[in-house]
Amino acid sequence: DAGVTQSPTHLIKTRGQHVTLRCSPISGHKSVSWYQQVLGQGPQFIFQYYEKEERGRGNFPDRFSARQFPNYSSELNVNALLLGDSALYLCASSPGTGGYYEQYFGPGTRLTVT
Amino acid sequence: AQRVTQPEKLLSVFKGAPVELKCNYSYSGSPELFWYVQYSRQRLQLLLRHISRESIKGFTADLNKGETSFHLKKPFAQEEDSAMYYCALSGHRGSTLGRLYFGRGTQLTVWP
C-alpha cells in the first residue's frame, strides 16, 4: 500500500478562484480528515468524514467544503480563494473516528493563492 | 477550549546530549496525547502516544496530568533525530472526537 495519496502536489490559483483537492486513504480506512498547515504553524483541523458522513468541522468559513465517496476517497473544495488560504493541505486517514486511532498523513498539497 | 502549547520553536543540542521537547495542553477531561514527527522531505508520522507507553527510537513521553504536560525526552540525541516535532491531542467526546489539535511544532537540530 502506497499509504495516503493526495493530488495534486502543488497548485497555484488566483484570488476568487475555486480549487478541489483530492485524497485517497489507506485501503480499509473509512475515516478521512483534512488539515490546513500555514507556514510556521502546526496543522489545523478542517473536516472529518466517516462512512461518507461529516463527523466534525473545524473553525473554517463556509467557503470550505468536503465530501467522501463510496470508495472512501475524499475531496476538499475551497471557493472564492483568498491570499490567506495559501497553505499546505494535509489529508489523514484512520480506521475509525475514535481519539485513540492513529491518523496516517499524506504528503500534502501545497496551495499558493496569488 | 483545547490547546497544545510547545514553547520552543527551535531547539539545538549536540550528539549524545539529552534532549527534552516540552508540551503543555489544556483540555477538560482525559485526552489522548501524541507526538508526531516530520523528517526532512517526509510526511508527518506518529512517533508515539501516551496510551501505549512505548519507547520509540529511544524517545519516551510521560503524561503528567497535574502539570498538564507531555514532554518528549531522549537521553542521548542522535543526528538522525533532527526533525520537526509536533505534540497533539485528541478527545473522546463531542466535537473533539477523533480530531487532532496540534502545537506549533519544535524544530530539533542535533549537531555532530
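Here's what I pulled together on the structure shown here. Note that the structure is a prediction, hence the values are computed from the model and not measured.

Attention now goes to the overall build of chain B. For chain B, the count of helices and strands is zero helices and 11 strands. Taken over the C-alpha trace, chain B has a radius of gyration of 14 Å; the compact-globule value for 112 residues is 13 Å, and the two agree within 12%. Referenced to the eigenvectors of the C-alpha coordinate spread, the extents of chain B come out at roughly 45 × 30 × 25 Å. Relative to its 112 residues, chain B shows a buried fraction of 46%. Across chain B, contacts joining residues at least 24 apart in sequence account for 59% of those joining residues at least 6 apart. When the accessible area of chain B is evaluated, it comes to approximately 5700 Å², of which 51% is carbon and sulfur surface.

A word on the nonpolar core. Among the nonpolar cores identified, the biggest contains 26 residues, and Trp35, Leu72 and Tyr85 of chain B are the most heavily contacted of them. Elements supplying a minimum of two residues to this core: β2 (10-14), β3 (19-21), β5 (32-38), β6 (45-49), β8 (69-74), β9 (83-90) and β11 (106-111) of chain B. A total of four residues in this core trace back to one element, the largest contributor, which is β9 of chain B. By size, the runner-up hydrophobic cluster in this structure holds 22 residues, among which are Cys23, Ile26, Tyr49 and Val113 of chain A.

Moving on to the interface of chain A and chain B. Each partner contributes to the interface: chain A provides 25 residues, whereas chain B provides 18 residues. Of the roughly 1700 Å² buried between chain A and chain B on both sides combined, carbon and sulfur atoms contribute 51%. Counting every contact that joins chain A to chain B gives one salt bridge. The interface formed by chain A and chain B contains six residue pairs in polar contact (both at pLDDT 80 or more). Looking at the side of chain A that touches chain B, the elements that each hand over two or more residues are β4 (31-37), β5 (44-50) and β6 (53-57) of chain A.

So, about the state of the cysteines. The tally for this structure, following the rule as stated, stands at two disulfides over all chains. A sulfur-sulfur separation of 1.8 Å characterises the disulfide bridge that pairs Cys23 of chain A with Cys91 of chain A. Disulfide Cys23 of chain A to Cys91 of chain A: torsion about the S-S bond roughly -60°, handedness left-handed. Residue Cys23 of chain A is found in strand β3 (residues 19-24), and its partner Cys91 of chain A is found in strand β9 (residues 87-94); the two are separated by 68 residues along the sequence. Residue Cys91 of chain A is classed as buried on the basis of its relative accessible area of 0%. Between the sulfur atoms of Cys23 of chain B and its disulfide mate Cys87 of chain B the distance is 2.0 Å. Of note, the bridge from Cys23 of chain B to Cys87 of chain B carries an S-S torsion of about -65° and is left-handed in sense. In this pair, Cys23 of chain B is assigned in the loop between β3 and β4 (24-26) and Cys87 of chain B in strand β9, connecting sequence segments 64 residues apart.

Reading the values: rules and limits
Residues numbered from 1 in each chain as written. Chains lettered and ligands numbered in written order. Predicted model: local features only at pLDDT ≥ 70, side-chain atom pairs only at ≥ 80, totals over all residues. Heavy atoms only, no water. Helix = DSSP H or I, 4+ residues; strand = E, 2+ residues; numbered from the N terminus. Rg over C-alpha atoms; globule rule 2.2 N^0.38 Å. Buried < 20%, exposed > 50% of the residue type's maximum accessible area, 1.4 Å probe, protein only. Contact = heavy atoms within 4.5 Å. Areas by Shrake-Rupley, 256 points an atom, 1.4 Å probe, with all protein chains shown as cover. Core = buried A, V, L, I, M, F, W, Y, C linked by side-chain atoms within 4.5 Å. Buried area = accessible area lost by both parts, 1.4 Å probe. Salt bridge = Lys/Arg side-chain N within 4 Å of Asp/Glu carboxyl O. Polar contact = N/O pair within 3.5 Å; in protein donor to acceptor, adjacent residues only side chain to side chain. Disulfide = S-S within 2.5 Å.

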